[in-house]
Amino acid sequence: MGEEISGTEFSREQRREYRRKVQLCLDVFETMLSQSSFEFDRPLTGMEIECNLVDDEYQPTLRNREVLAAIADPAYQTELGAYNIEFNVPPRPLPGQSALELETEVRASLNAAEAKANAHGAHIVMIGILPTLLSEHLQSGWMSDSTRYQALNDSIFTARGEDIDIDIAGPERLCLQSADIAPESACTSMQLHLQVSPADFAKNWNAAQVLAGPQLALGANSPYFFGHELWAETRVELFGQATDTRPDELKTQGVRPRVWFGERWITSIFDLFEENVRYFPSLLPELSDEDPVATLAAGRTPQLAELRLHNGTIYRWNRPVYDIVGDGADAKPHLRVENRVLPAGPTVIDMLANSAFYYGTLRALTDDERPLWTKMSFAAAEHNFTAAARHGMDARLYWPGLGEVTPDELVLRELLPLAHEGLRRWGVSAEVRDRYLGVIEGRAKSGRNGATWQTSTVHALQERGLARPAALAEMLRLYCESMHSNTPVHTWEIPAP
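Residues numbered from 1 in each chain as written. Predicted model: local features only at pLDDT ≥ 70, side-chain atom pairs only at ≥ 80, totals over all residues. Heavy atoms only, no water.

Going by what an unreviewed UniProt entry lists, the chain is known as Glutamate--cysteine ligase and is assigned to Mycolicibacterium neoaurum VKM Ac-1815D. Word for word, the UniProt comment on the chain under Catalytic activity (unreviewed entry) is "L-cysteine + L-glutamate + ATP = gamma-L-glutamyl-L-cysteine + ADP + phosphate + H(+)". (UniProt positions renumbered as here; feature names shortened; annotations may be inferred.)

Structure, rendered in structure tokens:
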């Protein structure tokens, strides 16, 4: 959920001082990049999984406080909606068979959490957008009890000055206005972290941007929102619109959105943090007591609290992260690429397959002597991302040397061999590579991801005579059954009409 803050109101003096501190932190960060020793000798990966809570009728249940108290595990935390929770998976290295151990541990943890949630009449669902969520569920009591979330909501609307317009075209267009950021809570994702050195950050971020389109086409799992069939990965467009601080006039002027793909390839992580400071006003101007200049001069690692908080309110799909490992004199800084492209679900094995595909292909692309991003425009990468979000496996993606191709052709011809080779270079065992990349191959060959399974199932149930709300609830019941089986989504059956 990010760091908690102390209040929801900020004075003009606080905002002015916060801006000064953010710039000071940026200057110190620039110095650290050239002088400090960052932790990267043993690259670690991490994962966060955002989940939804439903009742026995597969409707959203606003009970995350009770469920989290029952789970009583610090790895589980609140998210924006009172029907959301987040599971933070401890970091670990990639090599060997660690992914198989991770799969076992994640399943065991989620199953234990599910059993405790059941005692409170709740079930945990890993899915990009909860298909049974309707506007009436977000009328009151929808927000988790958190000063940070309330302050974020208030700041977005103070900056915007008017209600938020949600307008998403698709097979069934959805238009509505919202007086708060409640629609954002519908968006639940899986976030992948990779710890890298300052020298390697830029190529890893650029490669992650190149991969965002194919990643999303393969992993789309959010076709329904408020009962409407929209994009294959509606979460991407919904998240962008639900947090937009810009009225129409600022959009026309070219002001950047806070949910942002970016606008250029980079040469350093500093490029991203500098853009954040230059383009985006603060939303949560909470001040710390640290003097980062004095801290660095004393030979200690600065927290850079203001810069980190500011970075946390700018929602890049591949976000730069500065963090610290250890305490006191042992504290060492490190850098991470946080990949925020993918939705949660459908199963643990599907999510680990998505992870293996990402880490493997990323490694192969960053090792290339002539990087792929030197052969394609940044605009082409962004177009791929949007096309994949809208159309999923039916998208047309541009790829250097191939031109416009479908995701299945791109994955099977180009990216799967790269993923295998990249994982091999990471030292990942053949058993792990075959297990998880085999899932990606099956998904590409069948053309079925979470989004296509959801829409095909709902269509079949409606052909049987079920109304849309009942079809969505029954689809979600079947989804949960298969989710607990941990069989890949491309093997799930679709009911006969």
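Quick notes on the environment of A395
Looking at where A395 falls in the secondary structure, it is placed in the loop between α12 (378–391) and β14 (397–399). Along the chain, A395 and V405 lie ten residues apart, while their C-alpha atoms are 8.4 Å from each other. Beyond its immediate sequence surroundings of up to four residues, A395 is in contact with A387, A388, V405, T406 and P407. (Helix = DSSP H or I, 4+ residues; strand = E, 2+ residues; numbered from the N terminus. Contact = heavy atoms within 4.5 Å.)

Side note on the packing of helix α13 (residues 407–426) against helix α14 (residues 430–446)
Two numbers describe a pair of packed helices, the interaxial angle and the distance between the axes. It is the contact of α13 with α14, at a shortest axis distance of 10 Å, that shows an interaxial angle of 175°. By the angle between their axes, α13 is roughly antiparallel relative to α14. Note on element contacts: α14 touches α13 through R433, D434, L437, I440, E441, A444 and K445, opposite D408, V411, L412, L416, A419, H420, L423 and R424. The residue inventory of the contact of α13 with α14, partitioned by class, reads eight nonpolar, one polar and six charged. (Axes fitted to C-alpha atoms, helices over the stretch in contact; angles between N-to-C directions. Parallel < 35°, antiparallel > 145°, perpendicular 65-115°, else oblique. Nonpolar A, V, L, I, M, F, W, Y, C, P; charged D, E, K, R; others polar.)

What to know about unusual backbone geometry
The linkage connecting G345 with the following residue, P346, adopts the cis geometry, with an omega of -5°. Tracing the backbone through its elements, the reader meets P346 in the loop between β13 (332–343) and α11 (348–367). Positive phi, normally seen in glycine, also occurs at Y58, with a value near 65°. Relative to the elements of secondary structure, Y58 occurs in the loop between β1 (44–54) and α2 (64–71). Residue classification places Y58 among the buried positions, given a relative accessible area of 17%. With a phi close to 60°, N486 is a non-glycine residue in the positive phi region. Summarising the element assignment, N486 is placed in the segment after α16 (468–485). (Buried < 20%, exposed > 50% of the residue type's maximum accessible area, 1.4 Å probe, protein only.)

What about α16?
The periodicity of an α-helix, 3.6 residues per turn, causes residues three or four places apart in sequence to face the same way. The first and last C-alpha atoms of α16 sit 26 Å apart over 18 residues, in line with the 26 Å expected at 1.5 Å per residue. In this fold, the buried residues of α16 make contact with β1, β4 (123–125), β8 (224–225), β9 (228–229) and α15 (450–463). (Expected span 1.5 Å × (residues − 1).)

A word on the side chain of T188
Along the chain, T188 falls in the loop between β6 (174–178) and β7 (189–196). Of the polar contacts made by the side chain of T188, one reaches the side chain of N52; its length is 3.2 Å. (Polar contact = N/O pair within 3.5 Å; in protein donor to acceptor, adjacent residues only side chain to side chain.)

With respect to the pattern of salt bridges
Here the structure, examined in full by the defined rule, presents 33 salt bridges. Close ionic contact of D367 with R425 constitutes a salt bridge, the shortest N to O distance being 3.1 Å. Of this pair, D367 sits in helix α11 while R425 sits in helix α13, and the two are 58 residues apart along the sequence. Judged by its relative accessible area of 33%, D367 is partly exposed. Look at the salt bridges and you will find they share partners, linking R363, D367, E421, R424 and R425 into a network. (Salt bridge = Lys/Arg side-chain N within 4 Å of Asp/Glu carboxyl O.)

Some points on empty space enclosed by the protein
This model, assessed by the stated rule, comprises four cavities of 30 Å³ or more. In this structure, the largest cavity encloses a volume near 220 Å³. Put simply, the parts of the chain that give the lining of the largest cavity at least two residues each are β1, β3 (84–93), α3 (98–118), α11 and α14. When grouped by side-chain class, the residues that make up the lining of the largest cavity number 15 nonpolar, four polar and one charged. (1 Å grid on protein atoms, 1.4 Å probe; cavity = no way out; pocket = protein on both sides within 12 Å on 5 of 7 lines; lining within 4 Å. Points joined across faces, edges and corners; volume = space filled by probe spheres on them.)

What to know about the pairing of strand β5 (residues 164–168)
What you see with β5 is a clean split: I164, I166 and I168 sit on the buried side and D165 and D167 on the side with no burial. In this sheet, β6 lies alongside β5 in antiparallel orientation, the contact comprising five bridges. Counted as the bridge partner of I168 is L174 from β6. Linkage of β5 to β6, two consecutive antiparallel strands, is achieved through a turn of five residues. (Pairing = 2+ DSSP bridges.)

Re the side chain of N64
Summarising the element assignment, N64 is placed in helix α2. Classification of N64 by relative accessible area gives buried; the value is 5%. A distance of 3.0 Å separates the side chain of N64 from the backbone oxygen of N84, its partner in a polar contact. Leaving out residues up to four positions away in the same chain, N64 has contacts with L53, T78, E79, G81, A82, N84, I85 and S144.

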